[in-house]
Amino acid sequence: MTPHRRIDEASPVRIALLGCGTVGSAVARLLTEQAEDLRVRAGRRLELVGIAVRDTTRERPGIDSSLLTDDPLALVTAEEVDLVVELIGGIEPARELVLAALDRGASVVTANKALLATHGAKIFETAERNGRDVYFEAAVAGAIPIIRPLRESLVGDEITSIIGIVNGTTNYILDKMHSDKQTFESALTEAQELGYAEADPTADVAGHDAAAKAAILAGLAFHCRVRAEEVFCEGITEVTPEDIAAAESMDSVMKLLAICQVNPEDETVAVRVHPTMVPRKHPLASVDGAYNAIFIESQSAGRLMFYGPGAGGSPTASAVMGDLVTVARNLVRGATGPGESSYRGLAVADAGAIRTAYHIRLQVADVAGTLESVAACFARNHVSVRAVRQEAQGAVGEAVELVIVTHVARTQDLDAAVAELRLLDQVTGPVRPMRVEG
Ligand SMILES: NC(=O)C1=CN([C@@H]2O[C@H](COP(=O)(O)OP(=O)(O)OC[C@H]3O[C@@H](n4cnc5c(N)ncnc54)[C@H](O)[C@@H]3O)[C@@H](O)[C@H]2O)C=CC1
Ligand SMILES: N[C@@H](CC=O)C(=O)O
Ligand code: NA
């Protein structure tokens, strides 16, 4: 274990900041503007000793240019640094820098879900070995306090499921596609301009950002390790205006949901992210813009809901600042906060075993026997049909749209039924399955 640098009453807690983009610049400014209040709350002055950036010559309003450096490794391994705030994002060099900081004896605050959901085990083990903290409230659902409730407030309870909207960019896009009939592309451009999107927005729209957050939430809630790559993940890139219209015709909206559940039968954890039809009366349906919301169900507490801004520089900086003060307090007391808890070692369920209800649109020829053939595809694959609706009526033989809503079914069974539907002569156009919750 690295010995703590003694932070006596006269010493400040010395902070190194990695990255000065949307979130980093907001954190740097708050450290200056709120210096006096932060000193009282943390019990020591919080001194920003360096900011690692790519371009030290760029003008950065409100940022002291004498703090800028383009050598992040030298900064995080500097003897005097107590706390490293990693806000550059991505895997490398963030991984190398965080590990170097912990090994040198600094604690870490990060907003980097991609890093934690990929290399969390190594990072938490390194922190534990060195007796240092890793705090990451901003990594999931921006400003919403969700990591601390899971690591502390609910640690005595038995969580059974988590369902939520955990990506602000995609929620913004889907909301604009519904409410303003905006195109996917123009809504994404707006989300980028507002500072919600990742540096590469593919991470948002392909669902990878939400999958990383779901992996972190599942690990914390169920005391196991889930890696981002183990999460079943479908993004919103394939969601069309027709899907939006189909959801609206069911009095529903499309949302990108993250769902984490323990299957009590085989003690596996199912973790998934996908576009989902949510009925308008469901509380998640009214979560608009870049807001996030997370429902937790637990044995003793029952149902809990967490709601608030899930992205953006200022809201995310709020979560980073909370971690920063907490870690500074720990450093002053010579203590550490909770480490990783993965003792249950639950396995992650196969994607095919995941169970959900479906809404399926398909174009069929309006001829005798069509309905029977379609129904047989579902029956053969053990998928129970809950409702069938024919969207329009024309002359016999004409193409019509059929809408089928199923009861909860296994993904692999539904996939098999859809594959059979696509082979039917009476099916004359695309078959579009969408998941339904609530
Ligand atoms: N923007 C948001 O709403 C939220 C972001 N986050 C996370 O916060 C982190 C930062 O995100 P943003 O500030 O939005 O990203 P950003 O892209 O605006 O800022 C990152 C900054 O780091 C700099 N950088 C990259 N590699 C570097 C290196 N090797 N050395 C020095 N500087 C380097 C970039 O030039 C950029 O200015 C990411 O992990 C992101 O996932 C988390 C929650 C919300
Ligand atoms: N790109 C992310 C930022 C917060 O984590 C999002 O849109 O939610
Ligand atoms: Na949060």
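Residues numbered from 1 in each chain as written. Chains lettered and ligands numbered in written order. Predicted model: local features only at pLDDT ≥ 70, side-chain atom pairs only at ≥ 80, totals over all residues. Heavy atoms only, no water.

In the annotation of an unreviewed UniProt entry, the entry for the protein reads Homoserine dehydrogenase, and the organism field reads Parenemella sanctibonifatiensis. Under the UniProt heading Cofactor (unreviewed entry), the entry covering the protein gives this text: "a metal cation". (UniProt positions renumbered as here; feature names shortened; annotations may be inferred.)

### Focus: the packing of aromatic side chains
By the definition in use, this model includes three aromatic pairs. Between Phe-124 and Phe-136, the ring centres sit 5.6 Å apart and the planes meet at 55°, which makes this aromatic pair tilted. Taken together, the residues Phe-124 in helix 5 (residues 113–130) and Phe-136 in the loop between strand 6 (134–135) and helix 6 (147–153) connect sequence positions 12 residues apart. With relative accessibility at 14%, the residue Phe-124 sits in the buried group. Of the residues examined, Phe-136 reaches a relative accessible area of 3% and is grouped as buried. Seen in terms of ring centroids, Tyr-291 and Tyr-307 are 5.3 Å apart; in terms of plane orientation they differ by 25°. Their pairing is stacked. You can see Tyr-291 sitting in strand 11 (residues 291–298) and its partner Tyr-307 sitting in strand 12 (residues 302–309), a full 16 residues away along the chain. On the basis of relative accessible area, Tyr-291 is assigned to the partly exposed category, the value being 33%. (Phe/Tyr/Trp six-rings, centres within 6.5 Å; stacked < 30°, edge-to-face > 60°. Helix = DSSP H or I, 4+ residues; strand = E, 2+ residues; numbered from the N terminus. Buried < 20%, exposed > 50% of the residue type's maximum accessible area, 1.4 Å probe, protein only.)

### As for the site of ligand 1
Not every one of the 22 residues close to ligand 1 is listed here, only the nearest: Thr-22, Val-23, Lys-113, Glu-198 and Gly-312. Between Lys-113 and ligand 1, the recorded distance is 3.0 Å, taken from a side-chain N or O atom to an oxygen atom. At a separation of 3.1 Å, a nitrogen atom of ligand 1 approaches a polar backbone atom of Gly-195. In the complex, 85% of the free accessible area of ligand 1, which totals 820 Å², lies under the protein chains. Looking at side-chain class alone, the shell around ligand 1 contains 11 nonpolar, eight polar and three charged residues. Residue contributions to the shell around ligand 1 reach at least three from each of two domains, namely domain 1 (13–142 + 314–333) and domain 2 (146–309). (Near = heavy atom within 4 Å. Polar contact = N/O pair within 3.5 Å; in protein donor to acceptor, adjacent residues only side chain to side chain. Areas by Shrake-Rupley, 256 points an atom, 1.4 Å probe, with all protein chains shown as cover. Nonpolar A, V, L, I, M, F, W, Y, C, P; charged D, E, K, R; others polar. Domains from an automatic or database assignment.)

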